[in-house]
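Descriptive analysis of the structure
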Amino acid sequence: MTQFDKRNISMMMDLYEMTMANGYFTDDGPKAEVTFDVFYRQNPDGGGFAIFAGLEQIVEYIEQLHFDDEDIEYFRSLSLFRDDFLDYLRDYHFHGNIQSLPEGTVMYPNEPILTVTAPLIDAQLIETAILAQINHQSLIATKTQRIVRAARGRAVSDFGARRAHNMDAAVYGARAAYIGGAVGTATVLAGKQFSIPVSGTMAHSWVMYYDDEFTAFKNYAKKYPDATVLLVDTYDVLHSGIPNAIRCAKEVLIPDGHRLLGVRLDSGDLAYLSKKVRAMLDEAGLNDTKIIASNSLDEYTITSILGQGGCIDSFGVGERLITAKSDPVFGAVYKLVEVRRGDTTIPKIKVSETVEKITNPGSKRLYRIYNEEGKAIADLITRADEELDLSEPYRYVDPKKPWKNRFFENCTARELMTDVIVDGKRVSSPKQLSEIRDYVLKQLTDEIWEEEQRFENPHTHYLDMSPLYYELKMSLLDETRNA
């Protein structure tokens with residue numbers, strides 16, 4: 001099941017995409033071809049990298065993109081568009097090509113992560129939908145990966161649905177969180193739609209409904225004897241919750257051959273309480289009972305808790321994961337880089353007073369460069385018509401220090417962008433979510449420097465340029481200076 005089974009979201013666009021498309025239709029018709037790059041300018045939370053997510057939903061959107069009669073009539077009611085343009089939309093489908101990083105790729109600022117080459121109108125109409133998917137899911141996948149690293153091998157689950165910005169944000173946020181390394185989600189629809197493992201325990205209302213805490217625990221344990229996780233902070237963790245959990249284990253579960261799977265702490269000083277709880281459980285012979293923590297967690301609080309010796313086996317992370325609270329805007333943009341008029345190809349560059357906002361022009365190829373140990377030492381942009389040869393020392397340009405003479409020696413390269421849609425049709429098979437998740441882990445384990453994975457002052461991954469590409473960019477900047 002896709003997001004399109006129940007609704008058509010083709011009109012998930014900004015109005016200016018329609019007004020520009022109508023204008024282009026009037027000026028040049030639907031045939032002029034262009035290239036747009038999607039990229040972003042800085043990593044969330046000052047991190048060393050980000051995780052690319054949301055590609056599958058982009059492909060689904062483009063495959064299903066069409067305008068119903070009701071859509072056409074709505075556009076007509078705005079009194080902005082030519083009748084022949086609206087007639088053109090009746091039989092519309094996307095005609096272009098899309099190249100992209102594989103979903104789950106570790107990515108860096110200012111490099112292309114998705115490229116659209118298409119008739120001008122086609123490229124314009126899909127801008128908002130593409131950015132919405134990439135900006136949301138890449139943000140949540142990146143945030144989750146930070147939280148997972150902070151947990152140091154302990155399981156992290158998504159508990160965020162009720163604090164997500166809406167239902168779609170909860171479901172697709174859970175998908176992105178799984179890509180980022182979460183072991184599962186509490187969001188049932190996400191579990192069903194994407195085959196993500198689901199988990200859940202009890203609410204405080206379960207405990208409060210019964211006349212006393214032990215009765216609540218006993219009734220839950222009888223119903224779920226092989227999956228009993230008790231919420232122990234409704235009244236008093238150390239003087240009520242844990243004693244009643246221990247009693248439930250010994251009087252209800254163990255006599256019938258079951259064990260108390262876990263207890264959950266959802267408030268209070270989690271470092272202090274978890275240490276006390278661990279000691280009480282161990283003294284009662286419940287060494288195998290896990291301690292699960294929730295309550296406004298993120299990579300910073302988890303790091304602090306574990307640094308203080310907190311005895312926590314897994315984390316349920318909610319609002320600060322599903323909203324990426326500490327840095328909630330990813331910032332991917334969609335910029336024109338090339339126009340083709342007949343046989344003439346014209347690279348385009350956006351110039352700004354802010355150096356970081358000057359774009360990388362033209363069609364290009366993106367490579368990841370590896371040293372002899374298989375570690376990624378840089379990414380490299382070349383012109384689209386260049387062939388990269390690393391069989392001998394290769395001179396490249398560091399755009400931040402272009403005066404230096406730098407070479408890649410004894411290195412290998414992997415081209416990162418792959419065809420996803422060609423002539424409007426999908427050419428790559430959908431990947432299982434578990435495959436994408438494993439791909440993230442493999443890169444971080446085998447390829448990406450630990451220094452780039454620091455939370456504070458991470459090593460900067462270099463984005464270098466071939467001499468020919470750097471010359472192209474400088475020549476276009478010179479042209480704008482003289483314009």
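Provided above is the structure to which this section pertains.
Let me begin by describing the structure that accompanies this report.

About the thresholds
- Residues numbered from 1 in each chain as written.
- Predicted model: local features only at pLDDT ≥ 70, side-chain atom pairs only at ≥ 80, totals over all residues.
- Heavy atoms only, no water.
- Helix = DSSP H or I, 4+ residues; strand = E, 2+ residues; numbered from the N terminus.
- Buried < 20%, exposed > 50% of the residue type's maximum accessible area, 1.4 Å probe, protein only.
- Contact = heavy atoms within 4.5 Å.
- Lys, Arg positive; Asp, Glu negative; His and termini not counted.
- Charge placed at Lys NZ, Arg CZ, Asp CG, Glu CD.
- Salt bridge = Lys/Arg side-chain N within 4 Å of Asp/Glu carboxyl O.
- Axes fitted to C-alpha atoms, helices over the stretch in contact; angles between N-to-C directions.
- Parallel < 35°, antiparallel > 145°, perpendicular 65-115°, else oblique.
- Nonpolar A, V, L, I, M, F, W, Y, C, P; charged D, E, K, R; others polar.
- Pairing = 2+ DSSP bridges.
- Polar contact = N/O pair within 3.5 Å; in protein donor to acceptor, adjacent residues only side chain to side chain.
- Phe/Tyr/Trp six-rings, centres within 6.5 Å; stacked < 30°, edge-to-face > 60°.
- Lys NZ or Arg CZ within 6 Å of the ring centre and 35° of its normal.
- Core = buried A, V, L, I, M, F, W, Y, C linked by side-chain atoms within 4.5 Å.
- Expected span 1.5 Å × (residues − 1).

This part takes up the overall build of the protein. A count of helical and extended segments in the protein gives 16 helices and 21 strands. Along the first, second and third principal axes, the C-alpha atoms of the protein reach 80 × 60 × 40 Å. Classification of the 483 residues of the protein by burial places 53% in the buried group. Within the protein, contacts between residues at least 6 apart in sequence are counted, and of these 74% link residues at least 24 apart. With 54 positive and 73 negative side-chain charges, the protein shows a spacing of 5 Å between the two charge centroids.

With that out of the way, let us pick up the pattern of salt bridges. As enumerated under the stated definition, the model contains 31 salt bridges in all. It is possible to trace a salt-bridge network through shared partners that takes in D69, E73, R76, D83, D87 and R90.

The contact between helix α7 (residues 167–179) and helix α15 (residues 433–447) brings their axes to 8 Å, and the two run at 45 degrees. Considering their axes alone, α7 and α15 lie oblique with respect to each other. Facing α7, whose interface residues are R175, Y178 and I179, α15 presents L433, S434, I436, R437 and V440. Residue composition of the contact of α7 with α15, grouped by class: five nonpolar, one polar and two charged.

What follows is about the sheet that holds strand β10 (residues 290–293). Pairing is parallel in the open sheet, where six strands are placed in the order β7-β6-β11-β10-β9-β8. In the strand order of this sheet, the two ends are held by β7 (184–185) and β8 (229–231), each with one partner. Pairing geometry for β10 and strand β11 (residues 314–317), over two bridges, is parallel. Paired with A293 across the strands is F315, a residue of β11.

For a regular strand, the rule is simple: side chains alternate between the two faces of the sheet. Within strand β15 (residues 376–383), six of the eight residues are buried, which leaves the element mostly enclosed by the surrounding structure. As paired strands, strand β14 (residues 364–370) and β15 are joined by seven bridges and run antiparallel to one another. The residue of β15 that forms the bridge with I369 is A378. Taking the residues that link successive antiparallel strands as the turn, the β14-β15 hairpin has five residues, and the phi of G374 there is positive, at about 85 degrees. For β15 and strand β21 (residues 462–465), the ladder comprises four bridges, and the chain directions are parallel. Its bridge partner being in β21, L380 is matched across the sheet by D464.

Let us look at unusual backbone geometry. A positive phi is found at R152, a non-glycine position, where the angle reads about 55 degrees. For R152, the position within the fold is in the loop between α6 (127–150) and β6 (155–158). Under the relative-accessibility criterion, R152 is labelled exposed at 52%. Phi angles above zero are rare outside glycine, and S296 is one such case at about 50 degrees. Residue placement: S296 occurs in the loop between β10 and α13 (299–307). S296 sits in the partly exposed class, given a relative accessible area of 28%.

Relative to the elements of secondary structure, D269 occurs in the loop between β9 (262–265) and α12 (270–283). C-alpha of D269 to C-alpha of I147: the two residues are 122 residues apart in sequence and 19 Å apart in space. Here the side chain of D269 touches A271 through a polar contact of 3.3 Å, landing on its backbone nitrogen. A distance of 3.1 Å separates the side chain of D269 from the backbone nitrogen of Y272, its partner in a polar contact.

Pairing between the strands of a sheet comes from backbone hydrogen bonds, and it takes one of two forms, parallel or antiparallel. Read from one edge to the other, the open sheet built from four strands follows the order β18-β14-β15-β21, with strand pairing classed as mixed. Because the sheet does not close on itself, it has two edges, and the strands there are β18 (412–415) and β21. Neighbour-to-neighbour, the strand axes of this sheet turn through a mean angle of 30 degrees, independent of strand direction.

Applying the stated criterion across every chain, the model contains 18 aromatic pairs. Measuring from ring centre to ring centre gives 5.4 Å for F25 and Y88, while their planes differ by 40 degrees; the resulting arrangement is tilted. Of this pair, F25 sits in helix α1 (residues 15–28) while Y88 sits in helix α4 (residues 83–90), and the two are 63 residues apart along the sequence. Ring centres of F67 and Y92 lie 5.9 Å apart, and the angle between their planes is 50 degrees; this geometry places the pair in the tilted category. With a gap of 25 residues between them, F67 in the loop between α2 (55–64) and α3 (69–77) and Y92 in the loop between α4 and β3 (97–100) connect regions that are remote in the sequence. Taken together, the aromatic side chains of F25, F67, Y74, F75, F81, F85, Y88 and Y92 make up a single cluster linked through ring pairs. Residue placement shows R175 over the ring face of F194; its charged tip is 5.7 Å from the ring centre. In this arrangement the basic side chain of R437 is found over the ring face of Y178, its NZ or CZ atom lying 4.7 Å from the centre.

Ranked by internal contacts, the top residues of the largest apolar core, which has 139 residues, are V116 and I126. Top contributing element to this core by residue count: α6, with 10 residues. Dropping the residues within four chain positions of it, V116 is found in contact with V34, T35, F36, F94, N97, I98, A123, I126, I130 and Y334.

With 17 residues, helix α11 (residues 237–253) should reach 24 Å at 1.5 Å per residue; the first-to-last C-alpha distance of 20 Å falls well below that figure. Of all the 17 residues making up α11, 12 are buried; the element is thus mostly covered by neighbouring parts of the structure. Every buried residue belonging to α11 is among V237, L238, S240, G241, I242, N244, A245, I246, C248, A249, V252 and L253, and all of these are buried. Among the structural elements, α10 (213–223), β8, β9 and α12 are those in contact with the buried residues of α11. A side-chain oxygen of the first residue of α11 lies 3.2 Å from the backbone nitrogen of L238; this N-cap is D236.

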